[in-house]
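Working through the structure, step by step
Listed here are the chains, written in short residue letters.
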Protein chains: 4
Amino acid sequence: MIIAVKKQCEEKQFNNLIDWIKDLGLDVHVSHGDHSTVIGLIGDTSRVDIDLISTLDIVESVQRVQEPYKNANRKFHPLDTEVDISGHKIGGLNFQVIAGPCSVESEKQIIEVALAVKDAGATMLRGGAFKPRTSPYAFQGLKGSGIELLLKAKAETGLPIVTELTSVNYIDMFKDVDVIQVGARNMQNFELLKEVGKTGKPILLKRGLANTLQELLMSAEYIMAEGDCEVILCERGIRTFETMTRNTLDLSAVPVLKEKTHLPIIVDPSHATGNSRLVEPMSLAAVGAGADGLIIEVHNDPVHALCDGAQSLRPEQFKALMGKIGQMLPIVGRKFDN
Amino acid sequence: MIIAVKKQCEEKQFNNLIDWIKDLGLDVHVSHGDHSTVIGLIGDTSRVDIDLISTLDIVESVQRVQEPYKNANRKFHPLDTEVDISGHKIGGLNFQVIAGPCSVESEKQIIEVALAVKDAGATMLRGGAFKPRTSPYAFQGLKGSGIELLLKAKAETGLPIVTELTSVNYIDMFKDVDVIQVGARNMQNFELLKEVGKTGKPILLKRGLANTLQELLMSAEYIMAEGDCEVILCERGIRTFETMTRNTLDLSAVPVLKEKTHLPIIVDPSHATGNSRLVEPMSLAAVGAGADGLIIEVHNDPVHALCDGAQSLRPEQFKALMGKIGQMLPIVGRKFDN
Amino acid sequence: MIIAVKKQCEEKQFNNLIDWIKDLGLDVHVSHGDHSTVIGLIGDTSRVDIDLISTLDIVESVQRVQEPYKNANRKFHPLDTEVDISGHKIGGLNFQVIAGPCSVESEKQIIEVALAVKDAGATMLRGGAFKPRTSPYAFQGLKGSGIELLLKAKAETGLPIVTELTSVNYIDMFKDVDVIQVGARNMQNFELLKEVGKTGKPILLKRGLANTLQELLMSAEYIMAEGDCEVILCERGIRTFETMTRNTLDLSAVPVLKEKTHLPIIVDPSHATGNSRLVEPMSLAAVGAGADGLIIEVHNDPVHALCDGAQSLRPEQFKALMGKIGQMLPIVGRKFDN
Amino acid sequence: MIIAVKKQCEEKQFNNLIDWIKDLGLDVHVSHGDHSTVIGLIGDTSRVDIDLISTLDIVESVQRVQEPYKNANRKFHPLDTEVDISGHKIGGLNFQVIAGPCSVESEKQIIEVALAVKDAGATMLRGGAFKPRTSPYAFQGLKGSGIELLLKAKAETGLPIVTELTSVNYIDMFKDVDVIQVGARNMQNFELLKEVGKTGKPILLKRGLANTLQELLMSAEYIMAEGDCEVILCERGIRTFETMTRNTLDLSAVPVLKEKTHLPIIVDPSHATGNSRLVEPMSLAAVGAGADGLIIEVHNDPVHALCDGAQSLRPEQFKALMGKIGQMLPIVGRKFDN
């Protein structure tokens, strides 16, 4: 960490700052320039509060050189992490597609969709049992019985299941779930991050709508600090001024995260765009950007099917997309692991 | 709700849509134009999923006419809500200032600050016991013992206390807390909103960093849907591209919310700007914008005091600010209720 | 256009509004509901000022059904426009890559780069002669003599040239330029749009850093309203809160624009990311998203080459990328036109 | 400027970088740490291209210590600039209100509004003759004859006039205009900035919708680099995800700019909010934030008056607002200079 101190700083204030840094167990290297003095902090600065320092009156600016995350940092773990989910690997050269309906609605629905996506080449089943909804009056999911239906679909098809946990209260219901998803709105629900970190399961962590990539990595760090969880990061769109798409899918996040972390990164084109017509182009774009996988909504539901709409693909659309993905993977040096 | 349907829509799809709307218990009014057909939905549309409809293939665009919130809606409650906290009213003509340290650190600290802010005219004490921090390695608050120290300060000074709850797990510790705060990162932690809604206490709900005002009102609606909680809304800055302030304090939110809702709206200039030098101008700006109160960080802490810095005011700065606020209130038709 | 009028609207105000609409040459269709009255505007509403109406006291909300652009609208021109630049087509099934240095620096430099990018398969040469720079103290380009060097490179290689015009003052120097570029900062420099629209040349129009897709189409409309210019739209990143990339490349813009307009859409991964390591993944992502072409920075310049850095690719990196693009194009139903 | 270099940097690359910096006429101070090496640049770094350096492969991060602007920098000009416009000063302790219609429409209109705003205490008249409009089909202003009408209103009332220039082509028509306005969409139209900088007149420079405060200061620097223009900065709202206001008025910009620059800063609440009901609260908020003045839309126009709407105040509303501003000014240590 490098702190530039203002020219007109009083000696007493400057010495107070130096003493305070040393009290944190760090060494300092001071270099005096014409317009400002620069303090270099030597040691483990990951616990130093950069916000506090940056607002001190005598500080001109402050900048981290080391990243504030370690477990998630590629510098300390240069090799790609490959997360193994019931024999299906994600990360490294392996590309996975997770598919399924937005919400679990009935046994018939979830099993039919599971069979369809498996047939098309998906290796994991997604489906919401606990649904975070903006309105208290909207359908909030089948909850516990939704989890049971997912487990039936797993028994029927062999597909491991991925589903979202919205509160520490429900964690006991997730003991047979293969991958626990933490949703965008809970990316900085730190109490939830700590609890899922204790499960030892793989965690699918979605980026919040207004969170930086560094904050995403810090939230992964929260999970990993609890023990030996593996984290799969998920880009699902950020909030901008543009209104023609629900969110703005930030695909540059994929290659940037690949440099910063060893964890796998997948992309959710369904929620990002909110429009089924955009799912195919944005899925292929994600493959081109170097993603390790996709999570895609597929339905067979007559309400959603009403006018061929919403953000979910029909099974035949999904199958066609999987074909194109399969053609693209060798160009970017990847393969399906199924 | 008004749905504009594409010209080239097939009759079967159109009829499916009409039937689906009627199944929701709504009536329709169809009007055919040259370039599109418009469907007006008649009845209570607050439970209709606008996202679902907007992505249907045959839909050109869809627009709510009625707001999706009721308990929080000024249309149904034209008079200002005045929240009474131990005899101090907030809302209507009454202006309140909540002040205290960022974190509770010790009995001496919290009592000294409480006495200082009371002396300056604050009528409620703030202080963090559970601190949501971006880094798992940062100080996370004194937790339960922090709450106890706040209660001691309350006993000593008579000031009601406001403090943040970060997880449903800790709710039992909050039974003697006067106002429960839901922080920005938990604004859409819907499980937490439901739980605090059951307490019957006044809730201070902070706007999330990337949440619209409508979403803020929907989160208030979550709390109010559980029973008879009163909600105090708080603008504390949103995330934009500007980097010279920590967040961008959106003061237009104040008069806009005043039109949309009967709930009181306060402003947090300390967290929004992250810079103590900006607290006074932005506090006076909030008064000018018509806010019902302020929540301000004040410290007496030698670490923070190190270089006269961070986002907290010193007691004497706070007292000077309170004097200016007192001068301004009559101009905007307000008064301190203390 | 649909206007929802407030319940409590006075009859006189309502009638004023109706009269004002009729004075614009439009018909109205009024439908009375329980909570609001809806006015449908019938006729050509592209010249109606939606901002004015939305702020009228009696108006609840207002929504366009028709888009406010015509020449750029796919509804009125269902077939893809194919822009022909010296025999190279862009749009439809044809994919083009425009490449070259950020700035023209010398005859040797521009000719060497032109030969290199032609050899790799690029069909147009880019290079800045007039450089809009944030700082008045930064290098602003070779200006007129830069244009002359580009024309020499064109003579040498046969590559048509694309270069940016920053002021109506310089337009005479552009008479032999094949494609005039309007940069992101000038996307809403309406006087410049009108002037380039009079040239009859193909115009490469970059999206502004904070402009919506609808505004981009309105700026294309400005150019097209002047005569028979063809416009090539370019997504080059928008400004968000994320700081790990210079801008956030909004690739969803590509399939969304494909629905709204018949004009070709290309992507600039070099400026969007500001980082040469991200150019290859984001170029392949753009192909996957369905772009009609790319504009890529390539250098052979020892200053930029200093540490293999900046946002420009070296010729051999560009050649490798072109190979991968060539492999991907058939999967998305496209081909190079060279 | 401080450059942190990666640990694994090769000696040859490092030496190349050092040589390149020295070629720019700067000295370096190198300090080696455990995890990275830090290079301090000594000398005038305002012309160093930070973007270029930050993308070099061997660079971990780079940070300016000195600001890249000089003429606009308070460090070099500690005293407030007071811009004198026909005897009315803006800046320092002086507060000014500029008022008038959105567009000049007729001699009767502009003179009536001018008389009304003068009567209420405004000391300058605004009015658009050249109107930058998103749509090519919208009214673009009376242009040259609009300027003539403004000059008639000036002759009638003695009020100096402020009006927007949209292209270098029209600059000759502005020779009798008192203050030339550069609009938000032209904030980075650098060719226009240079031309207005040559006029020697005071320039009112509006912040772009997605421009940082540093970029605003750099644009002021462009103008000031041409000669002896004085620049009045204007905050008029930035673009965010919030849709209940047209833009998000960033009032923190006012105290932040006050620290960074000696130039006066005014606020435009009319364009920022797009809603006349928000003009009074946001004007008072701007006074509280420490602004040096306001620019407010006032109309007497039956079309705008249609339903008491749009973003303009009626003369009696404006007069009431001026009364409240007058009461507030002493609290923030300011006074009207009229």
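Relevant structure appears above.
First, a word on what this report is: a plain description of the structure on this page. (Residues numbered from 1 in each chain as written. Chains lettered and ligands numbered in written order. Predicted model: local features only at pLDDT ≥ 70, side-chain atom pairs only at ≥ 80, totals over all residues. Heavy atoms only, no water.)

Focus: the overall build of chain A
Here is the rule we go by: Only runs of H or I of at least four residues qualify as helices and only runs of E of at least two qualify as strands under DSSP, and these elements are numbered from the N terminus. Any two residues whose heavy atoms approach within 4.5 Å are treated as being in contact. Note on areas: these come from Shrake-Rupley sampling with a 1.4 Å probe, and a residue is covered only by the protein chains present in the view.
In terms of helices and strands, chain A carries eleven helices and 15 strands. In terms of its C-alpha atoms, chain A occupies a principal-axis envelope of roughly 75 × 45 × 40 Å. Taking contacts inside chain A between residues at least 6 apart in sequence as the whole, the part at least 24 apart equals 66%. Total accessible area computed for chain A in this model is approximately 11,200 Å², and 49% of it derives from carbon and sulfur atoms.

As for the relation of the copies chain B and chain A
Test applied: The superposition of copies rests on a least-squares fit of C-alpha positions from residues with pLDDT of 70 or more in both.
With an RMSD of 0.0 Å, chain B superimposes on chain A once it is rotated by 180° and translated 0.0 Å along the axis. A rotation of that kind, with that shift, is consistent with a two-fold axis. When C-alpha positions in chain B are compared against the rotation axis, the closest is assigned to B:A210, at 2.8 Å.

Points about the relation of the copies chain D and chain C
Placing chain D over chain C gives an RMSD of 0.1 Å and needs a rotation angle of 180°, together with 0.0 Å of translation along the axis. A shared interface surface links the copies, since 100% of the contact residues of chain D are contact residues in chain C too.

Thoughts on the interface of chain D and chain C
Counted only if it meets this: Buried area is calculated as the accessible area (1.4 Å probe) missing from two parts once they are joined, with the contributions of both summed. Each salt bridge in this description consists of a side-chain nitrogen of Lys or Arg and a carboxyl oxygen of Asp or Glu lying within 4 Å of one another. Pairing of N or O atoms within 3.5 Å defines a polar contact, subject to two protein rules: one partner must be a possible hydrogen donor and the other a possible acceptor, and residues neighboring in sequence count only if both atoms are side-chain atoms. The residue classification treats Ala, Val, Leu, Ile, Met, Phe, Trp, Tyr, Cys and Pro as nonpolar and Asp, Glu, Lys and Arg as charged. All others, Gly included, are polar.
The partner chain C presents 56 residues to the 56 residues of chain D that form the contact. Taken together, both faces of the contact between chain D and chain C bury some 5,000 Å²; the carbon and sulfur share is 52%. Here C:E215 and D:R239 are joined by a salt bridge, their closest N and O atoms 2.7 Å apart. For the interface between chain D and chain C, the tally reads 20 residue pairs in polar contact (both at pLDDT 80 or more). Secondary structure elements with two or more residues in the side of chain D that touches chain C: α1 (11–23), α2 (50–54), α5 (190–197), α6 (213–225) and α10 (302–305) of chain D. Take the side of chain D that touches chain C: its biggest share by element is five residues, from α6(D). Its residues assigned to classes, the side of chain D that touches chain C shows 20 nonpolar, 21 polar and 15 charged.

Things to note about the packing of aromatic side chains
Applied cut-off: Put simply, two rings from Phe, Tyr or Trp (the six-membered ring, in Trp's case) pair if the centres are within 6.5 Å, and we call them stacked under 30 degrees between planes, edge-to-face over 60, tilted for the rest.
Evaluated as defined, the whole model comprises 16 aromatic pairs over all chains. Here the aromatic rings of B:F95 and B:F336 are separated by 6.2 Å at their centres, their planes lie at 65°, and the arrangement is edge-to-face. With B:F95 in strand β7 (residues 94–100) and B:F336 in strand β15 (residues 335–336), this pair connects stretches of sequence that are 241 residues apart. A network of ring pairs unites the aromatic residues A:F130, A:Y170 and A:F174 as a single cluster.

Details of the pairing of strand β4 (residues 59–63) of chain C
Remark: a regular strand shows side chains that alternate across the two faces of the sheet. Residues and elements named next belong to chain C. Cut-off, in case you're wondering: To sort residues, take the accessible area from a 1.4 Å probe on protein chains only and compare it with the maximum for the residue type: under 20% means buried, over 50% means exposed, and anything in between is partly exposed. DSSP calls a pair of strands paired once it identifies at least 2 bridges connecting them.
By the criterion of burial, β4 is predominantly enclosed, with four of the five residues buried. Note that strand β1 (residues 2–6) and β4 share four bridges and pair antiparallel. By the bridge assignment, A4 is partnered in β4 with S61.

Points about the interface of chain B and chain A
Counting from both sides, the interface comprises 56 residues of chain B and, opposite them, 56 residues of chain A. Together, the buried faces of chain B and chain A total about 5,100 Å²; carbon and sulfur atoms form 52% of this surface. Between the two partners, chain B and chain A, sit two salt bridges. At the surface where chain B touches chain A, the tally comes to 20 residue pairs in polar contact (both at pLDDT 80 or more).

Some remarks on the nonpolar core
Stated precisely, the cut-off is as follows: Only buried Ala, Val, Leu, Ile, Met, Phe, Trp, Tyr and Cys residues count toward a nonpolar core, and they belong to the same one when joined by side-chain atoms within 4.5 Å.
Core analysis: the biggest nonpolar cluster contains 312 residues, and A:F318, B:L251, B:F318, C:F318, D:L251 and D:F318 have the highest contact counts within it. In this view, D:L251 contacts B:L251, B:M282, D:V267, D:M282, D:A285, D:A286 and D:A289; residues no more than four positions away in its chain are not counted.

Considerations on a negative patch on the surface
The condition that has to hold: Exposure above 30% relative accessible area and the absence of a salt bridge qualify a residue for a patch, where like charges join within 9 Å and nonpolar side chains (Val, Leu, Ile, Met, Phe, Trp, Tyr) within 5 Å. Only four residue types enter the tally: Lys and Arg on the positive side, Asp and Glu on the negative side, with His and both chain ends excluded. A charge is said to be at NZ when it belongs to Lys, at CZ for Arg, at CG for Asp and at CD for Glu.
A cluster of acidic side chains, namely A:E82, A:D84, A:D228 and A:E230, defines a negative patch on the protein surface. Counting through the fold element by element, A:E82 comes out in the loop between β4 (59–63) and β5 (83–85).

Examining the pattern of salt bridges
Evaluation of the coordinates by the stated rule reveals 76 salt bridges over all chains. In this structure, B:R314 and B:E316 form a salt bridge, with 2.8 Å as the shortest nitrogen-oxygen distance. Take B:R314: its relative accessible area is 24%, and that puts it in the partly exposed class. Between C:D119 and C:K319 there is a salt bridge; the shortest N-O distance is 3.0 Å. Pair noted here: C:D119 is in helix α3 (residues 107–120) and C:K319 is in helix α11 (residues 315–328), with a separation of 200 residues, a long-range link. Judged by its relative accessible area of 52%, C:D119 falls in the exposed class.

Section: helix α9 (residues 279–289) of chain A
All names here are of chain A. With respect to burial, α9 is a largely interior element, ten of its eleven residues being buried. Buried within α9 we find V279, P281, M282, S283, L284, A285, A286, V287, G288 and A289. Trailing α9 by a residue or two, G290 shows a phi angle of about 100°, which is positive.

Considering the packing of helix α3 (residues 107–120) of chain B against helix α11 (residues 315–328) of chain B
Residue and element names in this part refer to chain B. Applicable threshold: Think of each axis as a best-fit line through the C-alpha atoms, taken over the contacting stretch in the case of a helix, with angles from 0 to 180 degrees between the N-to-C directions. Working definition: roughly parallel below 35 degrees, roughly antiparallel above 145 degrees, roughly perpendicular at 65 to 115 degrees, and oblique for all remaining angles. Crossing chirality is assigned from the near helix's rotation relative to the far helix, an anticlockwise turn below a right angle marking it left-handed and a clockwise turn marking it right-handed.
Interaxial distance between α3 and α11 falls to 9 Å at its minimum, and their mutual angle equals 20°. One finds that α3 runs roughly parallel with respect to α11. Our pair here, α3 against α11, has a crossing hand that is right-handed. Touching A116, V117, D119 and A120 of α3 are P315, F318, K319 and M322, all from α11. Taken together, the residues that form the contact of α3 with α11 break down as six nonpolar, no polar and two charged.

Focus: the environment of B:F318
Residue and element names in this part refer to chain B. Residue placement: F318 occurs in helix α11. For F318 and C229, which are 89 residues apart along the polypeptide, the C-alpha to C-alpha distance reads 31 Å. Those residues in contact with F318 that lie beyond four places of it in its chain are V97, A99, V117, A120, A122, I296, V298 and L313.

Some points on the side chain of B:S252
Mapping B:S252 onto the fold places it in the loop between β12 (231–235) and α7 (253–260). On the basis of relative accessibility, which here comes to 0%, the residue B:S252 falls in the buried class. Those residues within four positions of B:S252 in sequence are excluded, and the remaining contacts are D:T245, D:L249, D:T273 and D:M282.

Quick look at the environment of D:I295
All names here are of chain D. If you trace the backbone, I295 turns up in strand β14 (residues 293–297). Residue classification places I295 among the buried positions, given a relative accessible area of 1%. Measuring from C-alpha to C-alpha, the distance between I295 and I147 comes to 18 Å, with 148 residues separating the pair along the chain. Once residues within four sequence positions are removed from consideration, I295 is found in contact with I98, R126, Q181, L204, C234, I266, V267, D268, P269 and S270.

Quick word on the state of the cysteines
Residue and element names in this part refer to chain A. Keep this limit in mind: Any two cysteine sulfur atoms lying within 2.5 Å of each other are counted as a disulfide.
Counting across every chain of the model gives zero disulfides over all chains. Cysteine C229 shares no disulfide, and the gap to the nearest cysteine sulfur, in C234, comes to 17 Å. A relative accessible area of 4% places C229 in the buried class.

Thoughts on the side chain of D:S270
Residues and elements named next belong to chain D. If you trace the backbone, S270 turns up in helix α8 (residues 269–273). Its relative accessible area of 0% is what places S270 among the buried residues. Separated by 3.0 Å, the side chain of S270 and the backbone nitrogen of E297 make a polar contact. Every residue in contact with S270, bar those within four places of it in the chain, is listed here: N275, V279, I295, I296, E297 and Q311.

Concerning the packing of helix α5 (residues 190–197) of chain A against helix α6 (residues 213–224) of chain A
Residues and elements named next belong to chain A. Axis separation between α5 and α6 bottoms out at 7 Å; the angle between their running directions is 45°. Taken together, the axis directions place α5 and α6 in an arrangement best described as oblique. Contacts from F190, L193, K194, V196 and G197 in α5 reach S219, Y222 and I223 in α6. Taken together, the residues of the contact of α5 with α6 break down into five nonpolar, two polar and one charged.

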